[in-house]
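Structural overview
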Amino acid sequence: MKHVILAAAAATVMAVPAGAQDLSIATGGTGGTYYPYGGGLAELIGNHIDGASASAEVTGASVENMALISRGDSDLAIALADTVVDAYEGNGQFEGRAVDARALGSIYPNAIQIVTLADSDIEGLSDLEGKRVSVGAPGSGTEVNAGRILEANGITYDDIDAQRLNFNETADALRDGDIDAGFWSVGPPTSSIMNLAATRDIRLVPLTEEEVQAGIDQHGTFAPYTLREGIYEGVEAPVSTIAVPNVLVVHADMDEELAYQVVMNMFENVDDLIAVHPAANDTTVEFSLGATPIPMHPGALRYYEETGAEIPDRLQP
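Residues numbered from 1 in each chain as written. Predicted model: local features only at pLDDT ≥ 70, side-chain atom pairs only at ≥ 80, totals over all residues. Heavy atoms only, no water.

Time to look at the pairing of strand E13 (residues 239-251). Burial of E13 is extensive: eleven of the 13 residues sit out of reach of the surface. Bridge analysis of strand E6 (residues 76-80) against E13 gives four bridges, and the strand direction is antiparallel. Paired with Ile78 across the strands is Leu248, a residue of E13. Here strand E7 (residues 101-117) pairs with E13 via nine bridges, running antiparallel. Bridge pairing in E13 links Arg102 to Val250. As defined by bridge partners, strand E12 (residues 223-227) adjoins E13 across five bridges and the pair is classed as antiparallel. (Buried < 20%, exposed > 50% of the residue type's maximum accessible area, 1.4 Å probe, protein only. Helix = DSSP H or I, 4+ residues; strand = E, 2+ residues; numbered from the N terminus. Pairing = 2+ DSSP bridges.)

So, in structure tokens, the structure goes:
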């Protein structure tokens, strides 16, 4: 697995337990938001936790990341809430092999973004039938979410020519005319769509209110979301879609003090993350407590309790 070292130890305030200094953060592909966010988090850890360093790993994203946590191959991971719930409960792709995971918090929402070229005849979700559609890299949260929103609205992979491409591959295939549309489940704006919009005229495919509600009814971790006007070049009006929270996950056996230090520094130095990616504007205590779907690690709970926030019962270990 490709490793990119994005942080080294630097002087600051508090110590972490011996043996926990070199942390691995499972992220996603380089064309999404997980990778730069994870890189920013790695740098933050190196700069603000005494004796600690961290690196962001390029991975296949959510499903693979939960498996990495289960095996102890990564110390922290970013994953979509629905995948996290499946892993924690032993459902879906984790049937019979539940992951003993805990959350440090939800950090920002992933919006489903369905992209086509501006001159395409794809105006809505139903127009994807019979078309060449990238549904995301194998094992990614994008593939999980694409399948779920399609299924919730009566469309299966048998109804489309499904291509399993990562973000950059999807953007390249759209640019070259090799596919008709692509799914992204990622914190907007994302670099691969921005780069595509700089070279080709694009359009974001909206979901109707009924399609959004169908997704929510079938998968409770979905929530309505609106992509703002101007988010990408050529997007001249708000676009209705659906979103899923992204969760920062660790194994249940992570040292409590280390978990506390990561969470405390993530929130109290969030400007460091915002400077890396605007998705971190949603990295707030309020969003985290409202959107996290599995119990919190005790070290994380210690920080949330110190803020004076009310902790929902579902987050207690």
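Bringing the packing of helix H1 (residues 34-48) against helix H8 (residues 256-268) into the picture now. The geometry of H1 relative to H8 is characterised by a closest axis approach of 10 Å and an angle of 105° between their N-to-C directions. By the angle between their axes, H1 is roughly perpendicular relative to H8. In this structure, H1 uses Tyr37, Leu41, Leu44, Ile45 and His48 to contact H8, whose residues at the interface are Val262, Asn265 and Met266. (Axes fitted to C-alpha atoms, helices over the stretch in contact; angles between N-to-C directions. Parallel < 35°, antiparallel > 145°, perpendicular 65-115°, else oblique. Contact = heavy atoms within 4.5 Å.)

So, about unusual backbone geometry. Most peptide bonds take the trans form, and the phi angle of most residues other than glycine is negative. Look at the link from Pro188 to Pro189: it is a cis peptide, with omega at -5°. Turning to its location among the elements, Pro189 is positioned in the loop between strand E10 (181-186) and helix H6 (191-199). Phi at Ala61 takes a positive value of approximately 80°, unusual for a residue other than glycine. Along the polypeptide, Ala61 turns up in the loop between strand E5 (53-57) and helix H2 (62-71).

A word on the side chain of Ser120. Along the chain, Ser120 falls in the loop between E7 and strand E8 (132-134). In terms of polar contacts, Ser120 uses its side chain to reach the backbone amide nitrogen of Ile122, at 2.9 Å. (Polar contact = N/O pair within 3.5 Å; in protein donor to acceptor, adjacent residues only side chain to side chain.)

This part is about the confidence of the model for the protein chain. A low pLDDT score tells you not to read the predicted coordinates there in detail. Averaged over every residue, the pLDDT of the protein chain is 92; the share at 70 or more is 94%. For residues 1-15, every residue scores under 50 in pLDDT, and the model assigns this stretch 52 contacts once sequence neighbours within four places are set aside. (pLDDT = per-residue confidence, 0-100.)

Look at H1: 21 Å from first C-alpha to last across 15 residues, which is about the 21 Å you get at 1.5 Å a residue. Buried residues dominate H1, accounting for twelve of its 15 residues. Every buried residue of H1 is listed here: Tyr34, Tyr35, Tyr37, Gly38, Gly39, Gly40, Leu41, Ala42, Leu44, Ile45, Gly46 and His48. (Expected span 1.5 Å × (residues − 1).)

Within this structure, the stated rule accounts for twelve salt bridges. Two residues, Asp121 and Lys131, come together in a salt bridge whose shortest N-O distance is 3.7 Å. Highlighted residues: Asp121 in the loop between E7 and E8 and Lys131 in the loop between E7 and E8, separated in sequence by ten residues. A relative accessible area of 53% means that Asp121 is categorised as exposed. Each member of the salt-bridge network shares a partner with another, and the members are Asp82, Asp86 and Arg148. (Salt bridge = Lys/Arg side-chain N within 4 Å of Asp/Glu carboxyl O.)

All right, on to the environment of Pro188 then. In this structure, Pro188 sits in the loop between E10 and H6. A residue is classified by how much of its surface remains accessible, and Pro188, at 11% relative accessible area, is buried. Here the alpha-carbon distance between Pro188 and His277, two residues 89 residues apart in the chain, equals 9.4 Å. The residues touching Pro188, leaving out its near neighbours within four places in the chain, are Pro109, Ala111, Gln113, Tyr225, Leu227, Ile231, Tyr232 and His277.

Looking now at the packing of aromatic side chains. In the structure shown here, the tally under the stated rule is six aromatic pairs. Three or more aromatic residues joined by ring pairs make a cluster, and in this case those are Tyr260, Phe267, Tyr303 and Tyr304. One residue, Arg302, lies across the ring of Tyr260, its end atom 4.0 Å from the ring centre. (Phe/Tyr/Trp six-rings, centres within 6.5 Å; stacked < 30°, edge-to-face > 60°. Lys NZ or Arg CZ within 6 Å of the ring centre and 35° of its normal.)

Bringing helix H4 (residues 141-152) into the picture now. The end-to-end C-alpha separation of H4 is 16 Å, in line with the 16 Å expected for twelve residues at 1.5 Å each. Counting buried residues along H4, eleven of its twelve residues qualify, which places the element largely inside the surrounding structure. Every buried residue belonging to H4 is among Gly141, Thr142, Glu143, Val144, Asn145, Ala146, Gly147, Arg148, Ile149, Leu150 and Ala152, and all of these are buried. At the exit of H4 stands Gly154, carrying a positive phi of roughly 80°.

H4 packs onto helix H3 (residues 81-89) with a crossing angle of 95° between their chain directions and a minimal axis gap of 9 Å. Compared by their axis directions, H3 and H4 come out roughly perpendicular. For the pair formed by H3 and H4, the contact residues are Asp82, Thr83 and Asp86 on the first element and Gly141, Val144, Asn145 and Arg148 on the second. Of the residues belonging to the contact of H3 with H4, the class tally is one nonpolar, three polar and three charged. (Nonpolar A, V, L, I, M, F, W, Y, C, P; charged D, E, K, R; others polar.)

As a further point, take the nonpolar core. Counting 80 residues, the largest nonpolar core has Ile45, Met66, Leu76, Leu104, Leu128, Phe183 and Tyr304 as the members making the most contacts within it. The element that contributes the greatest number of residues to this core is H8, accounting for eight residues. Those residues in contact with Tyr304 that sit more than four places away from it in its chain are Leu104, Gly105, Val263, Phe267, Val285, Ser288, Leu289, Met296, Ala309 and Ile311. Ranked by size, the runner-up nonpolar core spans 21 residues in total, among them Leu117, Ile179, Ile231 and Val235. (Core = buried A, V, L, I, M, F, W, Y, C linked by side-chain atoms within 4.5 Å.)

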